[in-house]
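Spelled out from the first residue to the last, the chains are:
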Amino acid sequence: MKKEEVLAEGILEHVGGKDNLRQLAHCMTRVRLALKDPTKADIQALKQLDGVMGVIDDETLQIVVGPGTVNRVADHLSRKTGLAIGEESVDENLTFEERAAIERQKVKDKQKSPFKRFLRRLGNIFIPLIPGLVASGIINGAANFAKNAGVDATETWMQILLLIGSTVFAYLAILVGWNTAKEFGGTPVLGAIAGGILFNPLLVDIIIYGEPLVVGRGGLFGVIFAAWLMTYLEKHIRRFMPVSIDIIFTPLFTVLIVGFTALYAIMPVAGVLSDGIMKAINVILEVGGPLAGAVLAGFFLPLVMVGLHHGLTPIHLELLNTVGNTALLPILAMAGAGQVGAALAIFVKTRNQRLRNIIKGAIPVGFLGIGEPLLYGVTLPLGRPFLTACMGAAVGGAFQATMKKAALGVGVSGLSLTPLIDNGMYLTYIGGLVISYVFGFLFTFWFGFKEEMADGI
């Protein structure tokens, strides 16, 4: 039996068996499980499984197994349980105890702060899109790198690369609308229509409030709200619609109402919101300078730790949509770099062979911008190195903010982000990475790690 299959079997065993799974999903590094009865999960036993780098017991049970491995583990779990990735199990034969456990979990989720729930929702909308955004971003970056190197952009192969790299961004509003409706329990295609309405080229021919409409005004914030409104109205209209005509008139009324509302209300309001957020970010970076960069980079790892970092994805995408680049991404990328430096310092100092093996396995993807294996396998369990990693990231973030670098797309961070850096400032960006590596290493080597910390690993 392959290592990934053994890991998947161990996960099933410690979450209450395949019959306890209600939903199965995954992101780049985490298997995400919704359980019928969360009390059956043995969190400590899961953490001890070989290959598990961390466990987050939250709205869903998130098991960190690392990039590449997560796909194979999820596929095996899908085969064992019969649940497709993203599919929710419908079981009318739940016991009273299982139903009670589900209700307790719902109450627990509702008790979380509204802001945290909001970021969770945003994350759930964008997480399924990340593989496409990463692939497209890297293709775009490579094509732009080639253009800067003097390659003729009219060459057929270059045109094809630019076509492939831009496709996901051309239809991103539709994908976001689909995922939003799905996240809130509506019909996904209605959410897709909401996104399509706000980015339809025919908008330029429509005059409202004395001015022609602007395609994409309000950006993805408008799309998310319009798709949520589609879901809300669909559910409420269906309550009063006779079953015999529900399939015709529920979606008809929903699309018409939201379509007009989107153009007369959502686009103007979302446009003001979008402009406000963009201006606030620019002011923070312009006025705050190095201090703002240090704070943003230094506090980004805690967001990653609880899985809320995906909530920033629409801000990056809106910056790309409005100003053509995102100055936030190179700064936030320093968080992973500080962690790489901290892990290297631990590797140099420790004699704990298990810890050294974890670092050897996680460092390569850490350099490429996927930091969760190091976060959950090394720095966070040890405690103090997590803080020194954040300190190293803050120094690199201050440098990036001072140099005013920006990225032309979204994707993973680390060295993989290099081709996406705007204005060809590749070496300067790499210099920021090196600064974070060095200071993450030094802070951890000087006072962030002692050998006795490794005893519990």
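Starting from 1, residues in each chain are numbered consecutively following that chain's sequence as written. With pLDDT at 70 or above as the cut-off, local features in this predicted model cover only qualifying residues; side-chain atom pairs require 80 or more to be listed or tallied, and sums for whole chains, interfaces and linings still use all residues. Side-chain descriptors were evaluated using all non-hydrogen atoms of the structure, hydrogens and water having been removed beforehand.

> Would you mind showing me how to read the nonpolar core here?
Note on soluble globular proteins: their nonpolar side chains tend to be buried together. We call a set of buried residues a nonpolar core when its members are Ala, Val, Leu, Ile, Met, Phe, Trp, Tyr or Cys and they connect through side-chain atoms within 4.5 Å of each other. Here the term buried applies to any residue with accessible area under 20% of the maximum for its type, exposed to any over 50%, and partly exposed to those in between, with areas from a 1.4 Å probe on protein chains only. Residues Leu355 and Leu417 are the most contacted members of the largest nonpolar core, which totals 49 residues. The helix and strand labels rest on DSSP assignments: H or I over at least four residues marks a helix, E over at least two residues marks a strand, and numbering proceeds from the N terminus. The element best represented in this core is helix 15 (residues 334–349), accounting for seven residues. An automatic or database domain assignment supplies the start and end points of every domain. In this structure, this core is formed jointly by two domains, domain 2 (117–285) and domain 3 (297–454), each of which donates at least three residues. Leu122, Val168, Met230 and Ile237 belong to the second-largest nonpolar core, a separate cluster that totals 36 residues.

> Mind showing me how you'd approach the packing of aromatic side chains here?
The geometry of an aromatic ring pair is captured by the separation of the ring centres together with the interplanar angle, meaning the angle of the planes. Only Phe, Tyr and Trp rings are paired, with Trp represented by its six-membered ring, and only when their centres lie within 6.5 Å; those with planes under 30 degrees apart are stacked, over 60 edge-to-face, the remainder tilted. Taken as a whole and judged by the stated rule, the model has eight aromatic pairs. Between phenylalanine 441 and phenylalanine 445, the aromatic rings sit 5.7 Å apart at their centres with planes inclined by 10°, giving stacked as the arrangement. You can see phenylalanine 441 and its partner phenylalanine 445 sitting in helix 19 (residues 426–448), four residues apart, about one turn around the helix. Classification of phenylalanine 441 as partly exposed rests on a relative accessible area of 24%. In this structure an aromatic cluster arises from ring pairing among Phe225, Trp228 and Tyr232. Throughout this description, the term charge over a ring refers to an Arg CZ or Lys NZ atom that lies within 6 Å of the ring centre and within 35 degrees of the ring normal. Note that lysine 349 overlies the ring of phenylalanine 445, its terminal NZ or CZ placed 5.2 Å from the centroid.

> Whenever I open this one, helix 16 (residues 353–367) confuses me. Can you help?
Helical periodicity: at 3.6 residues per turn, an α-helix aligns residues three or four positions apart in one direction. Here, expected helix span is obtained from the residue count minus one, scaled by 1.5 Å. In this model helix 16 runs 21 Å from its N-terminal to its C-terminal C-alpha over 15 residues, within 8% of the 21 Å that 1.5 Å per residue would give. In this analysis the local bend is the angle between axes fitted, respectively, to the seven residues ending at and the seven residues starting at the residue. In helix 16, a bend of some 30° at glycine 361 exceeds every other bend along the element, and proline 364, a proline, comes one to four places later. The complete set of buried residues in helix 16 reads Leu355, Arg356, Ile359, Ala362, Ile363 and Gly366. In this structure, the buried side of helix 16 is in contact with helix 15 and helix 17 (372–382). Counting of polar contacts relies on pairs of N or O atoms within 3.5 Å, with two restrictions inside protein: one atom must be capable of donating a hydrogen and the other of accepting it, and residues adjacent in sequence are counted only when both atoms are side-chain atoms. The residue sitting at the N-terminus of helix 16 and contributing the capping side-chain oxygen is asparagine 352; that oxygen lies 3.1 Å from the backbone nitrogen of arginine 354. Among the residues trailing helix 16, glycine 369 stands out with phi positive, at a value near 100°. Note on contacts: a residue pair is in contact if any heavy atoms of the two residues lie within 4.5 Å.

> Got a minute to help me understand the UniProt feature "transmembrane region" (unreviewed entry) in the protein chain in this structure?
As annotated in UniProt, the feature "transmembrane region" (unreviewed entry) corresponds to residues 122–145, 157–177, 189–208, 214–233, 245–267, 287–306, 327–348 and 426–449 in the numbering used here. End-to-end, the C-alpha atoms of residues 157–177 are 32 Å apart, and along that stretch the chain is 95% helix and 0% strand. Annotated as residues 327–348, this span is 91% helix and 0% strand, and its ends, taken at the C-alpha atoms, are 34 Å apart. UniProt positions are given in the numbering used here, feature names are shortened, and annotations may be inferred rather than shown by experiment.

> How should I be thinking about the pairing of strand 3 (residues 54–57) in this particular structure?
Pairing of strand 3 with strand 4 (residues 61–64) involves four bridges; the strand directions are antiparallel. In the strand pairing of strand 4, aspartate 57 is matched with leucine 61. Strand pairing is assigned whenever DSSP detects at least two bridges linking the two strands. Between strand 3 and strand 4, which follow one another and run antiparallel, lie three residues.

> Explain the packing of helix 9 (residues 188–198) against helix 11 (residues 243–298) here, please?
Think of two packed helices as two axes; the pair is described by the angle between the axes and how far apart they sit. Two elements in contact, helix 9 and helix 11, have axes separated by 10 Å at closest approach and are oriented at 35°. Of the two elements, helix 9 crosses helix 11, and the hand of that crossing is right-handed. From helix 9, Leu190, Ile193, Ile197 and Leu198 reach across to helix 11, where they touch Pro251, Thr254, Val255, Gly259, Ala262, Leu263 and Met267. Gly counts as polar in this scheme, as do all residues outside two lists: the nonpolar Ala, Val, Leu, Ile, Met, Phe, Trp, Tyr, Cys and Pro, and the charged Asp, Glu, Lys and Arg. Split by residue class, the contact of helix 9 with helix 11 holds nine nonpolar, two polar and no charged. Axis definition: a line fitted to C-alpha atoms, over the contacting stretch in the case of helices. Angles run 0 to 180 degrees between N-to-C directions. Take the far helix as your reference; a near helix turned counterclockwise from it by less than a right angle gives a left-handed crossing, and one turned clockwise gives a right-handed crossing.

> Where do I start with the environment of leucine 332 in this structure?
Mapping leucine 332 onto the fold places it in helix 14 (residues 328–332). Separated by 39 residues in the primary sequence, leucine 332 and glycine 293 place their C-alpha atoms 8.2 Å from one another. The residues touching leucine 332, leaving out its near neighbours within four places in the chain, are Leu296, Phe300, Leu312 and His316.

> What exactly am I supposed to notice about helix 7 (residues 156–170) here?
Relative to the 21 Å expected for 15 residues at 1.5 Å per residue, helix 7 spans 20 Å between its end C-alpha atoms, a close match to the ideal helical length. Along helix 7, the positions that sit buried rather than exposed are Met158, Gly165 and Val168. In the core, the buried residues of helix 7 are packed alongside helix 6 (130–148) and helix 8 (172–183).

> How do you make sense of the pairing of strand 4 when you look at a structure like this?
A regular strand carries its side chains on alternate faces of the sheet. The two faces of strand 4 match: Leu61 and Ile63 on one face and Gln62 and Val64 on the other face are all buried. As paired elements, strand 2 (residues 30–35) and strand 4 share four bridges and run antiparallel to each other. Residue valine 31 lies in a different strand from strand 4, and its bridge partner there is isoleucine 63.

> Would you explain the packing of helix 11 against helix 18 (residues 384–403) in this entry?
Between helix 11 and helix 18, the shortest axis-to-axis distance is 7 Å and the interhelical angle comes to 140°. In terms of their interaxial angle, helix 11 and helix 18 are classed as oblique. As helix 11 runs across helix 18, the sense of the crossing is right-handed. Together, Gly289, Pro290, Gly293, Ala294, Ala297 and Gly298 of helix 11 and Cys390, Ala393, Ala394, Gly397, Ala398, Ala401 and Thr402 of helix 18 make up the contact between the two elements. Here the residues of the contact of helix 11 with helix 18 are counted per class, giving eight nonpolar, five polar and no charged. In these notes the angle categories are as follows: under 35 degrees is roughly parallel, over 145 is roughly antiparallel, 65 to 115 is roughly perpendicular, and the rest is oblique.

> How should the domain arrangement of the protein chain be read in this particular structure?
Accessible area lost when the parts come together is the quantity often used to give the size of an interface. Examined at the domain level, the protein chain breaks down into domain 1 (3–74), domain 2 (117–285) and domain 3 (297–454). Computed over C-alpha atoms, the centres of domain 2 and domain 3 are 30 Å apart. When two parts are brought into contact, each loses some accessible area as probed by a 1.4 Å sphere; the total of that loss over both is the buried area. Counting each side, the surface lost to burial between domain 2 and domain 3 is near 2,200 Å², with a carbon and sulfur contribution of 76%. Salt-bridge detection follows one rule: a side-chain nitrogen of Lys or Arg within 4 Å of a carboxyl oxygen of Asp or Glu. Where domain 2 packs against domain 3, one counts zero salt bridges. The interface formed by domain 2 and domain 3 holds two residue pairs in polar contact (both at pLDDT 80 or more) in total. Ranked by residues supplied to the side of domain 2 that touches domain 3, first place goes to helix 6 with ten residues. Residues of the side of domain 2 that touches domain 3, tallied by class, amount to 16 nonpolar, ten polar and one charged.

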